[in-house]
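Letter by letter, the chains look like this.
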Amino acid sequence: MNEIIQKLEKTMDFIKARTSEDLRLIINASHPEGEERYRQAIIEMDAKYSSAMNSWLDWKELEIKKEELRQTIPTPKINLEIRRIDLRMRQLETSIKTSLREVLNFIELIKNGV
């Protein structure tokens, strides 16, 4: 079961990230001037990078909390909390990967003149 879930998560990572072409179409549709498109691409890339870094900080905080819980006496409630943390950490990992993939796509756009 875990193997199936991991394969699905990898597939979903690729589905969630917008491609360079998707990003280009969105930016060009809302900003007809070249300089405005470049500026908007930079702003959106920065927002995606900030999102990835915030998710990474949340992930690190959960990692610390999980380790603290593991050092306590195991109870069903503690085990459940650790499982919840694991789930949230996997969600954050997907968010980080997706955001960073979009940052790379924005870099490609910017290098190609949006």
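Residues numbered from 1 in each chain as written. Predicted model: local features only at pLDDT ≥ 70, side-chain atom pairs only at ≥ 80, totals over all residues. Heavy atoms only, no water.

So, on to the overall build of the protein. Looking only at helices and strands, the protein features four helices and zero strands. Reading the helices (α) and strands (β) of the protein from amino to carboxyl end gives α-α-α-α. Across the 114 residues of the protein, 27% fall into the buried class. Within the protein, contacts between residues separated by at least 24 positions form 76% of all contacts whose residues are at least 6 apart in sequence. For the protein, the exposed surface amounts to about 8200 Å²; the carbon and sulfur share of it is 57%. (Helix = DSSP H or I, 4+ residues; strand = E, 2+ residues; numbered from the N terminus. Buried < 20%, exposed > 50% of the residue type's maximum accessible area, 1.4 Å probe, protein only. Contact = heavy atoms within 4.5 Å. Areas by Shrake-Rupley, 256 points an atom, 1.4 Å probe, with all protein chains shown as cover.)

Once that is clear, we can look at the nonpolar core. Core analysis: the biggest nonpolar cluster contains nine residues, these being Leu-23, Ile-27, Ala-41, Met-45, Val-103, Phe-106, Leu-109, Ile-110 and Val-114. Those elements giving two or more residues to this core turn out to be helix 2 (20-30), helix 3 (34-70) and helix 4 (76-111). Sorting elements by how many residues they give to this core places helix 4 first, with four residues. If near-sequence neighbours (up to four positions away) are discounted, Val-103 is found in contact with Met-45, Lys-48 and Tyr-49. If you look at the next biggest cluster of nonpolar residues, it comprises eight residues, including Trp-59, Leu-62, Ile-85 and Leu-92. (Core = buried A, V, L, I, M, F, W, Y, C linked by side-chain atoms within 4.5 Å.)

A side chain with one charge can pair with a side chain of the opposite charge if their charged atoms come near. For the coordinates displayed, the defined rule picks out seven salt bridges. With a closest N to O distance of 2.4 Å, Asp-86 and Lys-66 form a salt bridge. Of this pair, Asp-86 sits in helix 4 while Lys-66 sits in helix 3, and the two are 20 residues apart along the sequence. When its relative accessible area of 15% is taken as the criterion, Lys-66 is described as buried. Put simply, Arg-18, Lys-48 and Glu-102 are held in one network by salt bridges that share partners. (Salt bridge = Lys/Arg side-chain N within 4 Å of Asp/Glu carboxyl O.)

To continue, consider the environment of Thr-98. One can find Thr-98 in helix 4. For Thr-98, a relative accessible area of 9% gives the class buried. Considered as a pair, Thr-98 and Arg-18 are 80 residues apart in the sequence and their alpha carbons are 8.4 Å apart.

Once that is clear, we can look at the confidence of the model for the protein. In this model, the protein carries a mean pLDDT of 88, and residues with pLDDT of at least 70 account for 88%. In the model of the protein, helix 1 (residues 2-16) stands out as the element of lowest mean pLDDT, 62, in contrast to helix 4, which has the highest, 95. (pLDDT = per-residue confidence, 0-100.)

Here we take up the packing of helix 3 against helix 4. In the contact formed by helix 3 and helix 4, the axes pass within 8 Å of each other and the chain directions differ by 160 degrees. Taken together, the axis directions place helix 3 and helix 4 in an arrangement best described as roughly antiparallel. Between helix 3 and helix 4 lies a crossing whose hand is left-handed. A per-class count over the contact of helix 3 with helix 4 returns 21 nonpolar, four polar and twelve charged. (Axes fitted to C-alpha atoms, helices over the stretch in contact; angles between N-to-C directions. Parallel < 35°, antiparallel > 145°, perpendicular 65-115°, else oblique. Left-handed = near helix turned anticlockwise from the far one by under 90°. Nonpolar A, V, L, I, M, F, W, Y, C, P; charged D, E, K, R; others polar.)

Moving on, we come to helix 3. Because an α-helix packs 3.6 residues into every turn, residues spaced three or four apart end up facing the same way. Here helix 3 is 37 residues long and its end C-alpha atoms lie 54 Å apart, about the 54 Å a rise of 1.5 Å per residue gives. Gln-40, Ala-41, Met-45, Ala-52, Ser-55, Trp-59, Leu-62, Lys-66 and Leu-69 are the residues of helix 3 that are buried. Looking at the buried residues of helix 3, the elements they touch are helix 2 and helix 4. (Expected span 1.5 Å × (residues − 1).)

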